[in-house]
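# Residue-level structural notes
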Amino acid sequence: MRALIVNCTLKPSPAASNTEALARVVAEEMEKREVEVDWVRAVDRNILPGVSADMGAGDQWPDIHDQLLRSQILIIATPTWLGHPSSVAQRVLERMDAMLSETDDEGRPVAYNRVAGVVNTGNEDGAHHVISEICGGLVDIGYTVPGQAWTYWHLGPGAGPDYLDDERGHDWAGKTGRAMAANLVTVARALQANPMGPPPQ
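The rules behind each value
- Residues numbered from 1 in each chain as written.
- Predicted model: local features only at pLDDT ≥ 70, side-chain atom pairs only at ≥ 80, totals over all residues.
- Heavy atoms only, no water.
- Patch = residues over 30% accessible without salt bridge, like charges linked within 9 Å, V, L, I, M, F, W, Y side chains within 5 Å.
- Areas by Shrake-Rupley, 256 points an atom, 1.4 Å probe, with all protein chains shown as cover.
- Salt bridge = Lys/Arg side-chain N within 4 Å of Asp/Glu carboxyl O.
- Helix = DSSP H or I, 4+ residues; strand = E, 2+ residues; numbered from the N terminus.
- Pairing = 2+ DSSP bridges.
- Right-handed = clockwise from strand over helix to strand, strands pointing away.
- Buried < 20%, exposed > 50% of the residue type's maximum accessible area, 1.4 Å probe, protein only.
- Expected span 1.5 Å × (residues − 1).
- Contact = heavy atoms within 4.5 Å.

### Re a nonpolar patch on the surface
- A cluster of nonpolar side chains, Leu10, Trp81 and Leu82, forms an exposed patch at the surface whose accessible area comes to about 350 Å².
- You can see Trp81 is positioned in strand 3 (residues 73-81).

Spelled out as structure tokens, the structure:
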């Protein structure tokens, strides 16, 4: 089983990412459950605006699209900015919109029988709103979002420190992240054993 974590930080490599740090807690738990984990830091890629799988010359989304199709588990990891997912996360979801019109050999939407979850960090509140926005988009595309397939960290209300700068709240975020990993892997394996068929016509 394979998982893909798309880190939607605004910080290009090699800058330290608070969001990646929390996502690694989830990744480590999935790896303990024999899941191979791949990473994409989306800001490092030239992801052109649009809603097609390939926007032409210079577009690096097609490689990410291929990784999505190779993965049974997807995690969108994003910081909170002004109470919303990052602009990079929004770009990723917009490009995933193309998957709505793609089907597999049995006529199923390509996101069927795949699971997804969300990791969120921020030095401001808004985590539940961010998680709801991303999960709503992923469900529209066809992913299955298990119960409690998310974790987050912030010390709100109001502005505060970053995840890598303050140990407070790490125990809770880590425990929630490990539960998230367990739920994602459990449901992914259930769908693998008993996959959904194509939608009725």
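This is not the end of the story, as more comes after the structure.
### Details of the pairing of strand 2 (residues 36-41)
- Two strands pair when backbone bridges link them, and strand 1 (residues 2-7) and strand 2 are joined in this way by 6 bridges, in the parallel orientation. Looking across to strand 2, one finds that Val6 is bridged to Val40.
- Traced from strand 1 through helix 1 (residues 18-32) to strand 2, the parallel crossover comes out right-handed.

### Regarding the pattern of salt bridges
- Applying the stated criterion across every chain yields a total of 8 salt bridges.
- As a salt-bridge pair, Arg33 and Glu29 come within 3.1 Å of each other at their nearest N and O atoms.
- Under the relative-accessibility criterion, Glu29 is labelled buried at 12%.
- As a salt-bridge pair, Arg108 and Glu106 come within 3.6 Å of each other at their nearest N and O atoms.

### Topic: helix 1
- Given a rise of 1.5 Å per residue, 15 residues ought to cover 21 Å, and the 22 Å separating the end C-alpha atoms of helix 1 matches this to within 8%.
- Turning to helix 1, its buried residues are Asn18, Thr19, Glu20, Leu22, Ala23, Val25, Val26, Ala27, Glu29 and Met30.
- Contacts made by the buried residues of helix 1 are with strand 1, strand 2, strand 3, strand 5 (115-121), strand 6 (150-153) and helix 5 (170-193).
- One or two residues past the end of helix 1 sits Glu34, with phi positive at roughly 65°.

### Observations concerning the pairing of strand 1
- The buried fraction of strand 1 is high, at 5 of 6 residues.
- In this structure, strand 1 lies alongside strand 3, joined through 5 bridges in parallel fashion. Across the sheet, the residue bridging to Asn7 is Ala77, located in strand 3.

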